[in-house]
There are 2 protein chains.
Amino acid sequence: MLPPLRRARILELLRKDQVATLKDMSIALSVSMSTLRRDVDYLCESGQLERTHGGAMLNQERRNAVELEPAIATELESGAKRAIGYRAAKLILPGQTVIFDSGSTTAAVARAAQERRVPFTAVTNDLSIAGTLSATPIIRVLVVGGFVRTGTATLLGPGLISAVGRLRADLVFLGTHALTADELSDTSVELADLKRAFVQAGEQAIAVVDSSKVFSRAFCSFARTRDLDRVITDDRIAPDDLDALRSRVAVDLVPEAE
Amino acid sequence: MLPPLRRARILELLRKDQVATLKDMSIALSVSMSTLRRDVDYLCESGQLERTHGGAMLNQERRNAVELEPAIATELESGAKRAIGYRAAKLILPGQTVIFDSGSTTAAVARAAQERRVPFTAVTNDLSIAGTLSATPIIRVLVVGGFVRTGTATLLGPGLISAVGRLRADLVFLGTHALTADELSDTSVELADLKRAFVQAGEQAIAVVDSSKVFSRAFCSFARTRDLDRVITDDRIAPDDLDALRSRVAVDLVPEAE
DNA sequence: TTTTTCTTCCAAAAGATTTCAAAATGCTCC
DNA sequence: GGAGCATTTTGAAATCTTTTGGAAGAAAAA
């Protein structure tokens, strides 16, 4: 495994559990203690985490950060996302109209959908999803116009919500920055408004969320879990959280297996 | 395999996984480690990717950007297109609004514009151009919505022309499928309608055309050369054709040199 | 004390450089 | 067109560098 990837994995582990022992991490990544120690020292030097005896914890600032560090966030799509995408894509029936919200998890759904070779019409505000889906001629792709949100490949803008308001779709795949038992939330008002419009436009709303986002809360709420038709997430969600969620909405648990 | 193609394939591999080992890539492309190493070094020099021990990862900027095929385009793009793009991009003044028509030559303009680090607002119906331009935060990118035209990354659709009709821009960069002394033409009615709307919307219309398209004629005419403000093309255009063109419109001849 | 973790050092392994010869390509001249 | 020569590109070997994993002793926690 390449050093930068390994270091990204370390941060990923820490983000999940806040703290971890060096021994656990060396086992999880199957590298020697020496190597892991060197990596942790390096990340500590560069200010990404703090050391403790026998382990490490996330840097204070980094812990509360709403936006993930882009360098790490994009680091190698996790198996979880791929599995979620695969499961979600199965819900698409030939001829349907499907809205793809922006985001990396919905992008995974798009990738899986594109591989299924089922004809359908897609609607999206995500350039990267549009690119993925348009690789297959049998999928019609409608891109709703708008300004590109820097950093992501997301389109946003004034006319967008009214444009979406005129649409009717069979399915909506929603990504979210955070999910609690009660609600889905995201980081910006604009984004939340659009997602709300997406939910309105679709017959069925399906949230696709990897478990790292479960039970965190972001700035703007945009939907109640009760109003969703389904949540698809991976099996690393905590059992308590799962129960709380299941009392509100149908949950599909996808094993992360490769 | 030709070197530029090989390099394009390397970028393609990286786009899929973000990081890759040199060994894996040399196997995937079935070239020797030496050659692969040289290619990766070259791509690193030209700022397209970052090296790590034993492997490579995508450039930070490139990682978040939408990647349809621009990576390949960059590698395979003819010197002529690159030169035309470079010259055309110089026309953009800070703060202007610029329409980018779809196409590979206008994509070259976008690439050059993105590298200039001048702030401006771009309007385009080309996903690939949107992806290129949005890599730089100082460029505002408006994507006009529509259906993706399969095969290309072009957006087309009913609402599009009226949406463009409401826009005012300082500059329009037009691509064209064919150019004669009198007119510019393209292959589909829809595309021609949109291009006509682009010309209307812009203060100045500039056609960017590589010389292989000069003096051929396509199905649908969409503009007269007299109505253009400028044509930028490369110096492989035949002298007679150049004269005929120059009697109608200002022509910038760009040497193809590297 | 006993156990665990941390440092330091070393050797093996993997990767990077350098160098070189063969192959491919381009060019001139016939 | 093709022969001959120069240039570039490629793959492989030798050598050097970095990284890795382990071991021994020091330091810290239990």
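Residues numbered from 1 in each chain as written. Chains lettered and ligands numbered in written order. Predicted model: local features only at pLDDT ≥ 70, side-chain atom pairs only at ≥ 80, totals over all residues. Heavy atoms only, no water.

So, the protein's contact with DNA strand C
Step number 1: In the region of DNA strand C, 14 residues are neighbours, and Arg37(A), Gly54(A), Arg37(B), Arg51(B) and Gly54(B) sit closest.
Step number 2: The sugar-phosphate portion of DNA strand C accounts for 84% of its atoms within 4 Å of the protein, the bases making up the rest.
Step number 3: Thr52(B) places a main-chain nitrogen or oxygen 3.5 Å from a phosphate oxygen of DNA strand C.
Step number 4: Contact between DNA strand C and Gly54(B): a phosphate oxygen at 2.8 Å from a main-chain N or O atom of the residue. (Near = heavy atom within 4 Å. Polar contact = N/O pair within 3.5 Å; in protein donor to acceptor, adjacent residues only side chain to side chain.)

What to know about the protein's contact with DNA strand D
Step number 1: For DNA strand D, the set of nearby residues contains 14 residues, the closest of which are Ser34(A), Thr35(A), Arg38(A), Thr35(B) and Arg38(B).
Step number 2: In DNA strand D, atoms within 4 Å of the protein come from the sugar-phosphate backbone in 60% of cases.
Step number 3: Between DNA strand D and Arg6(B) there is a distance of 2.8 Å, counted from a phosphate oxygen to a side-chain nitrogen or oxygen.
Step number 4: Arg38(B) places a side-chain nitrogen or oxygen 2.8 Å from a base nitrogen of DNA strand D.
Step number 5: Among the elements of the structure, helix H1 (3-17) and helix H3 (33-45) of chain A together with helix H1 (3-17) and helix H3 (33-45) of chain B are those that each provide at least two residues to the surface near DNA strand D.
Step number 6: The residue makeup of the surface near DNA strand D, split by class, is two nonpolar, eight polar and four charged. (Helix = DSSP H or I, 4+ residues; strand = E, 2+ residues; numbered from the N terminus. Nonpolar A, V, L, I, M, F, W, Y, C, P; charged D, E, K, R; others polar.)

Description of the confidence of the model for chain A
Step number 1: Here chain A averages 88 in pLDDT, while 92% of its residues score no lower than 70.
Step number 2: Counted against residues more than four places away or in other chains, residues 64-75 of chain A, with its pLDDT under 50, gives 20 contacts. (pLDDT = per-residue confidence, 0-100. Contact = heavy atoms within 4.5 Å.)

Re the pairing of strand E15 (residues 251-254) of chain B
On a regular strand, each side chain points to the face opposite its neighbour's, so the side chains alternate between the two faces of the sheet.
Step number 1: Both strand E14 (residues 230-234) of chain B and E15(B) contribute to a ladder of four bridges, which runs parallel. Along E15(B), the bridge assignment pairs Ile232(B) with Asp252(B). (Pairing = 2+ DSSP bridges.)

Observations concerning the pattern of salt bridges
Step number 1: Considering all chains together, one arrives at 24 salt bridges over all chains under this definition.
Step number 2: Note that Arg87(B) and Asp252(B) form a salt bridge whose closest N and O atoms lie 3.3 Å from each other. You can see Arg87(B) sitting in helix H6 (residues 79-89) and its partner Asp252(B) sitting in strand E15, a full 165 residues away along the chain.
Step number 3: A salt bridge links Arg248(B) to Asp182(B); the nearest nitrogen and oxygen atoms lie 2.9 Å apart. Residue Arg248(B) is located in the loop between helix H11 (239-246) and E15, and its partner Asp182(B) is located in the loop between strand E10 (178-179) and strand E11 (183-186); the two are separated by 66 residues in the primary sequence.
Step number 4: Look at Asp182(B) and you get partly exposed, because its relative accessible area is 45%.
Step number 5: Look at the salt bridges and you will find they share partners, linking Arg6(A), Arg7(A) and Asp39(A) into a network. (Salt bridge = Lys/Arg side-chain N within 4 Å of Asp/Glu carboxyl O. Buried < 20%, exposed > 50% of the residue type's maximum accessible area, 1.4 Å probe, protein only.)

Topic: the packing of H1(B) against H3(B)
All names here are of chain B.
Step number 1: It is the contact of H1 with H3, at a shortest axis distance of 10 Å, that shows an interaxial angle of 75°. Classified by the angle between their axes, H1 and H3 sit roughly perpendicular to one another. Packed against H1, whose contacting residues are Arg 6, Arg 7, Ile 10 and Leu 11, the element H3 presents Thr 35, Leu 36, Asp 39, Val 40, Tyr 42 and Leu 43 at the interface.
Step number 2: Residues of the contact of H1 with H3, tallied by class, amount to six nonpolar, one polar and three charged. (Axes fitted to C-alpha atoms, helices over the stretch in contact; angles between N-to-C directions. Parallel < 35°, antiparallel > 145°, perpendicular 65-115°, else oblique.)

Some remarks on the interface of chain B and chain A
It is common to report an interface's size as the accessible area lost on association of the parts.
Step number 1: Between chain B and chain A, the residue contacts involve 34 residues of the former and 30 residues of the latter.
Step number 2: Summed over both partners, the interface of chain B with chain A buries about 2,400 Å², with 69% contributed by carbon and sulfur atoms.
Step number 3: Run the count over chain B and chain A and you get zero salt bridges.
Step number 4: Here chain B is connected to chain A by four residue pairs in polar contact (both at pLDDT 80 or more).
Step number 5: The set of elements that each furnish at least two residues to the side of chain B that touches chain A consists of strand E1 (19-21), strand E3 (55-58), helix H4 (60-64), helix H8 (127-133), strand E6 (139-143) and strand E7 (146-149) of chain B.
Step number 6: Element by element, the count of residues in the side of chain B that touches chain A is highest for E6(B), at four residues. (Buried area = accessible area lost by both parts, 1.4 Å probe.)

Considering a nonpolar patch on the surface
Step number 1: On the surface, a cluster of nonpolar side chains totalling about 310 Å² of accessible area is made up of Met1(B), Leu2(B) and Leu5(B).
Step number 2: On the secondary structure map, Leu2(B) appears in the segment before H1. (Patch = residues over 30% accessible without salt bridge, like charges linked within 9 Å, V, L, I, M, F, W, Y side chains within 5 Å. Areas by Shrake-Rupley, 256 points an atom, 1.4 Å probe, with all protein chains shown as cover.)

So, the side chain of Gln96(A)
Residue and element names in this part refer to chain A.
Step number 1: Relative to the helices and strands, Gln 96 resides in the loop between helix H6 (79-89) and strand E4 (97-100).
Step number 2: A polar contact of 3.1 Å, which involves the side chain of Gln 96, links it to the backbone nitrogen of Leu 93.
Step number 3: With near-sequence residues (within four places) excluded, Gln 96 lies in contact with Leu 91, Phe 120, Thr 121, Asp 170 and Leu 171.

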